[in-house]
Amino acid sequence: MITIDLYNIGLTQAHEQEASRCEGLFLARISGQYKDLYRAFTANGEINAEISGKMRFEAVGALDYPAVGDFVLLDRLDDTGGTAIIQRILPRKSVFVRRAAGTSQAVQVIASNIDTIFICMSLNNDFNLRRLERYLSIAWESQATPVVVLTKSDLCNDLAGRLADAYEAAIGVDILVVSSMSDDGYVAVQPYIGPGRTVALTGSSGVGKSTLINRLLGEEKLLTLEVRAGDDHGRHATTSRQLLILPGGGAVIDTPGMRELGLESADLSRTFADIDEYGRQCRFADCAHDNEPGCAVCQAIEDGLLSSERLESYKKLQRELKYEGLNFRQLEEEKIRSMFGSMGGMKEVMRYAKDKNKRKGR
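Figured I'd write up the structure that's included with this text. Treat the numbers as computed from the prediction; the structure is a model and nothing was measured. (Residues numbered from 1 in each chain as written. Predicted model: local features only at pLDDT ≥ 70, side-chain atom pairs only at ≥ 80, totals over all residues. Heavy atoms only, no water.)

## Quick word on the overall build of the protein chain
Counted only if it meets this: Secondary structure is summarised from DSSP: a helix means a run of H or I of at least four residues, a strand means a run of E of at least two, and numbering begins at the N terminus for each. Categorising residues by exposure relies on relative accessible area from a 1.4 Å probe, with only protein chains included: less than 20% of the type maximum marks a residue as buried, more than 50% marks it as exposed, and the intermediate range marks it as partly exposed. Any two residues having at least one pair of non-hydrogen atoms within 4.5 Å are treated as being in contact. Methods summary: accessible areas were calculated by the Shrake-Rupley approach with a probe of 1.4 Å, and residue burial reflects only the protein chains presented.
Along its length, the protein chain carries 11 helices and 13 strands. Relative to its 362 residues, the protein chain shows a buried fraction of 48%. Here the contacts in the protein chain between residues at least 6 apart in sequence split such that 66% fall between residues at least 24 apart. Of the roughly 17800 Å² of accessible surface on the protein chain, a fraction of 49% belongs to carbon and sulfur atoms.

## Some points on unusual backbone geometry
For lysine 152, which is not glycine, the phi dihedral falls at a positive 60 degrees. Notably, asparagine 291 is not glycine yet its phi reads approximately 70 degrees, a positive angle. With respect to the secondary-structure elements, asparagine 291 resides in the loop between α7 (273–279) and α8 (296–302). Residue asparagine 291 is classed as exposed on the basis of its relative accessible area, which comes to 69%.

## Concerning the pairing of strand β5 (residues 84–89)
Cut-off, in case you're wondering: In this description, strands pair whenever DSSP reports at least two bridges between them.
Where strand β3 (residues 45–51) and β5 come together, three bridges link them in parallel fashion. Within the sheet, the bridge partner assigned to alanine 49 lies in β5 and is alanine 84.

## Re the pattern of salt bridges
For clarity, the threshold we go by: Definition used for salt bridges: Asp or Glu carboxyl oxygen within 4 Å of a side-chain nitrogen of Lys or Arg.
By the definition in use, this model includes 13 salt bridges. Where glutamate 18 meets arginine 88, a salt bridge forms, and the shortest distance between an N and an O atom there is 2.4 Å. Placement of the pair is glutamate 18 in helix α1 (residues 13–20) and arginine 88 in strand β5, with a sequence separation of 70 residues. Look at arginine 88 and you get partly exposed, because its relative accessible area is 28%. Close ionic contact of arginine 310 with glutamate 133 constitutes a salt bridge, the shortest N to O distance being 2.9 Å. Residue arginine 310 is located in helix α9 (residues 308–323), and its partner glutamate 133 is located in helix α3 (residues 129–141); the two are separated by 177 residues in the primary sequence. For the pair shown, arginine 310 and glutamate 133 are each scored as buried. A single network of salt bridges, built from pairs that share partners, joins Arg130, Glu133, Asp274 and Arg310.

## Considerations on the packing of aromatic side chains
The cut-off we apply is this: Two rings belonging to Phe, Tyr or Trp (six-membered ring only in the last case) form a pair when the distance between their centres is within 6.5 Å. Interplanar angles under 30 degrees mark stacking, angles over 60 mark edge-to-face geometry, and anything in between is tilted. By the criterion adopted, a ring carries a charge over it if an Arg CZ or a Lys NZ lies within 6 Å of its centre and within 35 degrees of its normal.
In the structure shown here, the tally under the stated rule is two aromatic pairs. Geometrically, the ring pair formed by phenylalanine 118 and tyrosine 192 is edge-to-face, given 5.8 Å between the ring centres and 85 degrees between the ring planes. Of this pair, phenylalanine 118 sits in strand β8 (residues 116–122) while tyrosine 192 sits in the loop between β10 (175–177) and β11 (198–203), placing them 74 residues apart in sequence. Per residue, the accessibility class of phenylalanine 118 equals that of tyrosine 192, and both read buried. Between the NZ or CZ atom of arginine 270 and the centre of the ring of tryptophan 140, over which it lies, the distance is 3.7 Å.

## Section: the nonpolar core
Under the convention used in this document: To qualify as a nonpolar core, a set must consist of buried Ala, Val, Leu, Ile, Met, Phe, Trp, Tyr and Cys residues joined through side-chain atoms within 4.5 Å.
Counting 57 residues, the largest nonpolar core has Ile114, Leu132, Val148 and Leu150 as its most contacted members. Once residues lying within four places of it in the same chain are set aside, the contact partners of isoleucine 114 are Lys93, Ser94, Phe96, Ala144, Thr198, Val199, Ala200 and Ile253. Counting 19 residues, the second-largest nonpolar core is a separate cluster that includes Phe118, Val189, Val207 and Leu246.

## What to know about the pairing of strand β4 (residues 71–74)
Side chains Phe71 and Leu73 of β4 all project onto a buried face; the interleaved residues Val72 and Leu74 project onto the opposite face, where all are buried too. For strand β1 (residues 26–34) and β4, the ladder comprises four bridges, and the chain directions are antiparallel. Across the sheet, the residue bridging to leucine 27 is leucine 73, located in β4. The pairing of β4 with β5 spans three bridges and is classified as antiparallel. Bridge pairing in β5 links leucine 74 to isoleucine 86.

## Some remarks on the packing of α3 against helix α4 (residues 159–169)
Going by this rule: Where helices are involved, their axes are fitted lines through C-alpha atoms of the stretch in contact, as for all axes, and angles between N-to-C directions lie from 0 to 180°. Handedness of a helix crossing follows the sense of rotation of the near helix relative to the far helix, less than a right angle counterclockwise being left-handed and clockwise being right-handed. Note that Gly is not counted as nonpolar here; it falls among the polar residues with everything else outside the nonpolar set of Ala, Val, Leu, Ile, Met, Phe, Trp, Tyr, Cys and Pro and the charged set of Asp, Glu, Lys and Arg.
Here α3 crosses α4 at 35 degrees, and the two axes come no closer than 10 Å. α3 and α4 meet at a crossing whose hand is right-handed. The segment α3 lies against α4, with Leu129, Leu132, Glu133 and Leu136 engaging Asp165, Ala166 and Ala169. Residues belonging to the contact of α3 with α4 are distributed by class as follows: five nonpolar, no polar and two charged.

## Quick word on α3
What counts, and what does not: By this rule the span expected of a helix is its residue count minus one, scaled by 1.5 Å.
Taking 1.5 Å of rise per residue, 13 residues should cover 18 Å, and α3 covers 19 Å from first to last C-alpha, within 8% of that figure. Among the 13 residues of α3, 10 are classified as buried, and the element is accordingly described as predominantly covered. For α3, the set of buried residues is Leu129, Leu132, Glu133, Arg134, Tyr135, Leu136, Ser137, Ile138, Ala139 and Trp140. Count one or two residues on from α3 and you reach glutamine 143, which has phi positive near 85 degrees.

## Considering the environment of leucine 73
Within the secondary structure, leucine 73 sits in strand β4. C-alpha separation for the pair leucine 73 and cysteine 22, spaced 51 residues apart in sequence, amounts to 8.4 Å. Each residue touching leucine 73, except ones within four places of it in the same chain, is listed here: Ala19, Cys22, Leu25, Phe26, Leu27, Ile85, Ile86, Gln87, Arg88 and Leu90.

## A short note on the environment of arginine 162
With respect to the secondary-structure elements, arginine 162 resides in helix α4. In sequence terms arginine 162 and asparagine 128 are 34 residues apart; their C-alpha atoms lie 9.9 Å from each other.

## Some details on helix α5 (residues 209–217)
Note: α-helices contain 3.6 residues per turn, so residues at a spacing of three or four share the same orientation. In terms of residue burial, α5 counts as a mostly covered element, since seven of its nine residues are buried. Within the sequence span of α5, burial applies to Lys209, Ser210, Leu212, Ile213, Asn214, Leu216 and Leu217. On its buried face, α5 sits against β8, β9 (145–151), β11, β12 (242–245) and β13 (251–254). Positive phi appears at glycine 218, one or two residues downstream of α5, with a value of about 80 degrees.

So, in structure tokens, the structure goes:
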């Protein structure tokens, strides 16, 4: 019989104490999700599971359903007598969520109970500071610690320049450089993994997440696809989220590449700590950093201490957080309110609508 030490993959005494109050149920960790079917690690191995009818009835939104990385309570330790039933989700210490692509406005839970989120971005044509700021804002909000992993360093002709740009966008965040071409190209990430710790890899399609995980696993367990000829872009390989046990201890969560990363909630104050610091020096407390007199942020841009592109990215994410949940009618009502309030407010709503259409490819 296969035995699994749940403490090795992140179980804590707090989880065990919570579980002790529910007699007759067993601890497990969700390792995969496939529509209504889940995979879970128990002390006796990995088994199939599904949620109870009560959980399905009481669920209001996506946060009420199990997600990859959740610690849960099951009615059994194996599924030889039938699919195990998930009776309860234990409290999460961190949860990485996004607003789903499209018009549904639904929230998606990417993964939970993560210690470190590796935000992977390749150093070739995929390199995009504005996308990095978006990922960082969501990662900080999750309560996990973000680490930027710059992949495919063998394809970069200006490593020093791109590193400088990344440090400007990822203030106070560790930045690692890796290459899949050499056997030791992944060693930079090893200090972040180990018994009891969970790391998750996220980023765009084709940046090398699956290749990096295979290196950590010591085997080609995940499908990887070659870079497309002529444009340096990798191809999408991962199609679902899954938690894997690392041979040296701990766990890693692989996530599919995301074409669009909508904001459900985000911590802009940590991602844009430099703008917040300059903002505290502005003459007016409600300064919009848009040519107001005494604006320290605009002065920093003029002095070359801050890029105008970074400020625009900050404003764009602020608008998205403020208006993303509104439907068409609510947006129109907001436009009317802004029209009678200030032209600045009206412009803000119109900019948001323009940004949203761009994200949808219109």
